[in-house]
Amino acid sequence: MTSDPGTWRERAADAWRERTGAGDGLGGGLGGNGGSGRRGSGGDGRRGGERAVVPPAEFESYYGRPIVKAPVWRDDIPSYLFTGGVAAGSALLAAGGDATGRPGLRRAGRLAAVGALAASTYFLVNDLGRPERFHHMLRVAKPTSPMSMGTWILAGFGAAAGTAAAAEVLGWRWLSGIGRVAGYAAAATAPALASYTAVLLADTAVPSWHAAYPELPFLFTGSALASGAGVGLIAAPPDETGPPLRMAVAGAAIELAGSQSIEHRLGLLGEPYRNGRAGRLLRAGQALTAAGVAGALLGRRSRVVSALSGAALLVASAATRFGIFHGGVESAKDPTYTVVPQRERAVSERRE
């Protein structure tokens, strides 16, 4: 790769014309001689019988550096996304069990919610490197910052879920009313806990995360519902698995619809979600989600089949979170996903 800016722009222009057939309005934007290309009057910027003598361009930045710096997050972050979703879904499950007089379902949901929240907090703090950094984020409440709002959502949910779990474990009669109120408070906060991480990813400059901002909150919320249903199918008594089953169907429908939309609506920016490690994870998540729902419907009278179906839903939720995470990281590493959409918008604006 040459480091001469003029040569790089000319090569990129040639590659762009070959890919889109756009012969107008591109030359000027890349350092050429106006809207008709670099020279001559032909639509592709070349004279009569002249042909291209440079190979198709690879979209790279100067000195081989990516245009957008890829996130340096480790697997702690997708693990944090997954366990936060499990906590949110379990809190909703517990509130439903409490409201419908299903104590086994309530207990399973409350304990799973606080356990998953503890794991989520651990993964977040471990990624931050120093525990006091989480505390420092609580010094400020900034509504325009997804990270700041997420910190307060996590803290508020944790207080409510912890109180509800304590009431469940201790069994003190005077504490049961407080536990019920705390359980409903955790359920009210659960949708925000399930979806704020999607907003956090979409608010970055990572191309495939940012482009998926309409779908990510729905995808993460559906995944949280499905994972919470998985907890219920595994831990609740067999005669109390009706609500988790309905929850699994709703969550799976939302999750699969969001996943399909992300992969196909985004066009070029959907490629990272279809290929490589991310593609394999997302396809596995979709298959396991479908298998988990089918197993729960067909084997609802079998404790073993219900538990296996719940496990499939939990693994599917984890695969979905990891797939979305790795797809975004790959889109940041390849300059194509930054350059091409920008030029598509530039050509579209000029034609308008």
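Keep in mind that what you see is a predicted model, and the values were worked out from it rather than measured. (Residues numbered from 1 in each chain as written. Predicted model: local features only at pLDDT ≥ 70, side-chain atom pairs only at ≥ 80, totals over all residues. Heavy atoms only, no water.)

**A few points about the nonpolar core**
Here is step 1 of the chain: One finds Phe 157, Leu 193, Trp 209, Leu 216, Phe 220, Ile 262 and Ile 324 to be the most contacted residues of the largest nonpolar core, which totals 52 residues.
Here is step 2 of the chain: Where this core is concerned, the elements lending two or more residues are helix H2 (76-99), helix H3 (103-128), helix H5 (146-170), helix H6 (173-202), helix H7 (207-211), helix H8 (216-235), helix H12 (303-333) and helix H13 (336-351).
Here is step 3 of the chain: Discounting residues that sit within four places of it in the chain, Ile 262 has contacts with Ala 212, Glu 215, Leu 216, Leu 219, Gly 270, Tyr 273 and Ile 324.
Here is step 4 of the chain: Ala 229, Leu 245, Met 247 and Ala 252 belong to the second-largest nonpolar core, a separate cluster that totals 13 residues. (Core = buried A, V, L, I, M, F, W, Y, C linked by side-chain atoms within 4.5 Å. Buried < 20%, exposed > 50% of the residue type's maximum accessible area, 1.4 Å probe, protein only. Helix = DSSP H or I, 4+ residues; strand = E, 2+ residues; numbered from the N terminus. Contact = heavy atoms within 4.5 Å.)

**Remarks on the side chain of Ser 259**
Here is step 1 of the chain: Its place among the elements puts Ser 259 in helix H9 (residues 242-265).
Here is step 2 of the chain: If sequence neighbours within four positions are ignored, Ser 259 has contacts with Leu 219 and Gln 286.

**A short note on H2**
Here is step 1 of the chain: A rise of 1.5 Å per residue sets the reference length of H2, with its 24 residues, at 34 Å; its end C-alpha atoms lie 35 Å apart and thus fit the reference within 8%.
Here is step 2 of the chain: In terms of burial, H2 is a largely internal element, 21 of the 24 residues being buried.
Here is step 3 of the chain: Immediately downstream of H2, the backbone of Gly 101 shows phi near 70°, a positive value. (Expected span 1.5 Å × (residues − 1).)

**Some points on the confidence of the model for the protein chain**
Here is step 1 of the chain: Across the protein chain, the average pLDDT comes to 82, with 81% of residues at or above 70.
Here is step 2 of the chain: For the stretch residues 1-6, pLDDT sits under 50, and the model shows 11 contacts to residues farther than four places along the chain or on other chains.
Here is step 3 of the chain: In the predicted structure, residues 22-46 sits below a pLDDT of 50 and forms 48 contacts with residues beyond four places in sequence or in another chain. (pLDDT = per-residue confidence, 0-100.)

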